[in-house]
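Given next are the chains, with one letter for each unit.
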Amino acid sequence: MAPVRDFGELQVFPAWIADGKHGEMKYMEARDDAGELKRTALARVAPWARSVIVCAINYNTAYPYSTQYAQTEDAATGWISRYAWSREDYHDSILRRLKQLEEELRALLEGAGYWVPGTGHLRSYVDTGPLVERVYAKYAGIGWIGKNTCIINQKIGSWLFLGVILTSLDFASNHLTADLPAPDRCGTCTRCITACPTQAITAPGELDARLCISYLTIEKRGEIPNELRAGMGRHIFGCDICQDVCPWNRKAPVASAHEFQPRERLVNPALDWLAEMQPEEFREVFRGSPVRRAKLSGLRRNAVVAMGNSSNKKFIPTLKKLSEDSDAVVAEHARWAAQRLDSDHD
Ligand code: B12
Ligand code: SF4
Ligand code: SF4
């Protein structure tokens, strides 16, 4: 639980937007009637809000990390990030859990005489609320904001989804007098910064989304800038590297929830399968999956770039064929990839 406050970290956000570090994620720029960025204007956008209940759930599953696969695999496969191979889109599964919690809380408070039906508010969000979730997670005591910008819990690590319930109840007014927020335990470690293939972590805790593989593979539409393609390696959707290398994830517990378990074939999937996927199969394989956000065109584009980065010359005939694809973006990336493999020396 965190109180609604103008936390110092929130001042980073407007500068981040002004510098254009959000790239093409226009929804991050949403403003209220006064022209303030909605995500840092909670007190104005929801003037009734007094406290934020922040929930975190572990989505780790018992599969090796991408950094381990990269050393052992035969370069014919790619990487769909740990959060996205799940059976259900986390937005749906977390929101369902939050709504259930809302109901239970309402009933509990009503029973105790703290809630009069028809008054007060409880409103749940996953990603889309008028707030920067990680800042509230920090002040709710869930963890510290690591140098990789992720919330890290000392016992669980960072494989966490966050969800928030805004409430008009003043649960948290004295809350910050407790041992919160959690102390920063990154210390002198800089593993995530060093391991990031595209140097997207430009300073401890600061990320330029335009350089981040997660942004490039999930949010970026159309062409991926030429100079960033090689750094994407064999990532198809999202990126886990800055969390894979984090010492706090070395012993991360595994979640048992069914919805976070991988869909068949999505752990380290075959690149040619994805690059040549047709709309019908896309709909079938990714029904209700977060991967749908990239759309078929984006997924195929990413798979083609990964083939180009694979050093696997077996892909050249497929890439030459895809160079003539009716999807102009796929075709252009396939030409780039074929050329890259052609010029690779054995
Ligand atoms: C846009 C977005 C992205 C963008 C931008 C990421 C980013 N770091 O900003 C992209 C597409 C790249 C992305 C990637 C990922 N995302 Co994302 N993303 C979001 C979203 C919707 C908004 C984040 C945001 O506001 N960014 C703007 C920046 C400025 O804010 P911030 O990084 O949170 O930074 C705050 C603090 O770090 C602090 N701060 C920043 N710099 C500094 C510097 C100093 C010195 C200090 C003291 C503080 C400080 O102030 C900032 C706020 O003003 C949130 C959900 C939400 N509504 O909050 C999910 C969210 C952050 N993402 C999440 C996840 C899981 C991921 C990925 C792991 C997915 C993947 N595997 O590919 C990666 C991780 C990449 C990474 N290292 O961050 C989770 C994070 C869970 C966690 N444990 O932290 C969230 C909370 C979604 C959720 N509901 O669970 N994401
Ligand atoms: S998600 Fe990948 S590309 Fe983005 S900051 Fe982390 S390591 Fe770098
Ligand atoms: S890898 Fe090291 S510096 Fe990066 S978030 Fe983890 S502990 Fe912090």
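Below: a short report on this structure. Everything numeric in this text was worked out from a predicted model, so none of it was measured. (Residues numbered from 1 in each chain as written. Chains lettered and ligands numbered in written order. Predicted model: local features only at pLDDT ≥ 70, side-chain atom pairs only at ≥ 80, totals over all residues. Heavy atoms only, no water.)

### Overview of the layout of surface pockets
Move 1: For the second largest pocket, the calculated volume is near 210 Å³.
Move 2: Lining the second largest pocket are 14 residues; nearest its centre among them are Ser-66, Ala-70, Trp-79, Arg-234 and His-235.
Move 3: Top contributing element to the lining of the second largest pocket by residue count: helix 3 (residues 66-72), with four residues.
Move 4: By residue class, the composition of the lining of the second largest pocket is four nonpolar, eight polar and two charged. (1 Å grid on protein atoms, 1.4 Å probe; cavity = no way out; pocket = protein on both sides within 12 Å on 5 of 7 lines; lining within 4 Å. Points joined across faces, edges and corners; volume = space filled by probe spheres on them. Helix = DSSP H or I, 4+ residues; strand = E, 2+ residues; numbered from the N terminus. Nonpolar A, V, L, I, M, F, W, Y, C, P; charged D, E, K, R; others polar.)

### Focus: helix 4 (residues 90-111)
Move 1: Taking 1.5 Å per residue as the helical rise, helix 4 with its 22 residues ought to reach 32 Å, and the 31 Å between its terminal C-alpha atoms agrees with that figure.
Move 2: Those residues of helix 4 that fall on the buried side of the exposure criterion are Tyr-90, Ser-93, Ile-94, Leu-98, Glu-102, Leu-105 and Leu-109.
Move 3: Those residues of helix 4 that are buried are in contact with strand 2 (51-58), strand 4 (122-125) and strand 7 (160-167).
Move 4: Immediately downstream of helix 4, the backbone of Gly-113 shows phi near 80°, a positive value. (Expected span 1.5 Å × (residues − 1). Buried < 20%, exposed > 50% of the residue type's maximum accessible area, 1.4 Å probe, protein only. Contact = heavy atoms within 4.5 Å.)

### Things to note about the nonpolar core
Move 1: Core analysis: the biggest nonpolar cluster contains 76 residues, and Ile-236, Phe-237, Met-277, Phe-286 and Leu-319 have the highest contact counts within it.
Move 2: Residues contacting Ile-236, with those up to four places away along its chain left out, are Gly-78, Trp-79, Ile-80, Thr-217, Leu-271, Leu-274, Leu-299, Asn-302, Ala-303 and Ala-306.
Move 3: With 22 residues, the next largest nonpolar core counts Val-135, Ala-137, Ala-140 and Leu-166 among its residues. (Core = buried A, V, L, I, M, F, W, Y, C linked by side-chain atoms within 4.5 Å.)

### Describing the site of ligand 2
Move 1: In the vicinity of ligand 2, the contacting residues are Cys-196, Pro-197, Thr-198, Ala-200, Ile-201, Leu-207, Cys-212, Ile-213, Cys-239, Ile-241 and Cys-242.
Move 2: Among the residues forming the shell around ligand 2, the class breakdown is 10 nonpolar, one polar and no charged. (Near = heavy atom within 4 Å.)

### Remarks on the pairing of strand 7
Move 1: With eight of eight residues buried, strand 7 is to be regarded as a mostly interior element.
Move 2: Examined bridge by bridge, strand 2 and strand 7 share eight bridges and lie antiparallel to one another. Within the sheet, the bridge partner assigned to Ala-56 lies in strand 7 and is Leu-162.
Move 3: Here strand 4 runs beside strand 7; their pairing, made up of four bridges, is antiparallel. Residue pairing in the sheet places Tyr-125 in a bridge with Val-164 of strand 7. (Pairing = 2+ DSSP bridges.)

### Topic: the site of ligand 1
Move 1: Looking at ligand 1, there are 40 residues lining it, with Glu-9, Asp-127, Arg-134, Leu-162 and Gly-205 nearest.
Move 2: Residue Arg-134 places a side-chain N or O atom 2.7 Å away from a nitrogen atom belonging to ligand 1.
Move 3: Contact distances for ligand 1 include 2.7 Å between a nitrogen atom and a backbone N or O atom of Gly-205.
Move 4: Those elements that place two or more of their residues in the shell around ligand 1 are helix 1 (12-18), helix 5 (133-139), strand 7, strand 9 (206-207), helix 7 (213-219) and helix 9 (241-244).
Move 5: Taken together, the residues of the shell around ligand 1 sort by class into 24 nonpolar, eight polar and eight charged. (Polar contact = N/O pair within 3.5 Å; in protein donor to acceptor, adjacent residues only side chain to side chain.)

### Points about helix 14 (residues 328-343)
Move 1: Given a rise of 1.5 Å per residue, 16 residues ought to cover 22 Å, and the 23 Å separating the end C-alpha atoms of helix 14 matches this to within 8%.
Move 2: Those residues of helix 14 not exposed but buried are Val-330, Ala-331, Glu-332, His-333, Ala-334, Trp-336, Ala-337, Ala-338 and Leu-341.
Move 3: In this structure, the buried residues of helix 14 make contact with helix 8 (226-229), helix 12 (295-308) and helix 13 (316-322).
Move 4: N-cap assignment for helix 14: the residue whose side-chain oxygen lies 3.0 Å from the backbone N of Val-329 is Asp-327.

### Considerations on the sheet that holds strand 2
Move 1: An order of 1-2-7-4 is seen for the four strands of this open sheet, with the pairing classed as antiparallel. With one partner strand each, in any of the chains shown, strand 1 (2-3) and strand 4 form the two edges of the open sheet.
Move 2: In terms of strand pairing, strand 1 meets strand 2 through two bridges, oriented antiparallel. Counted as the bridge partner of Pro-3 is Ser-51 from strand 2.
Move 3: Helix 4 contacts strand 2, strand 4 and strand 7 of the sheet and is inclined by roughly 165° relative to strand 4. (Axes fitted to C-alpha atoms, helices over the stretch in contact; angles between N-to-C directions.)

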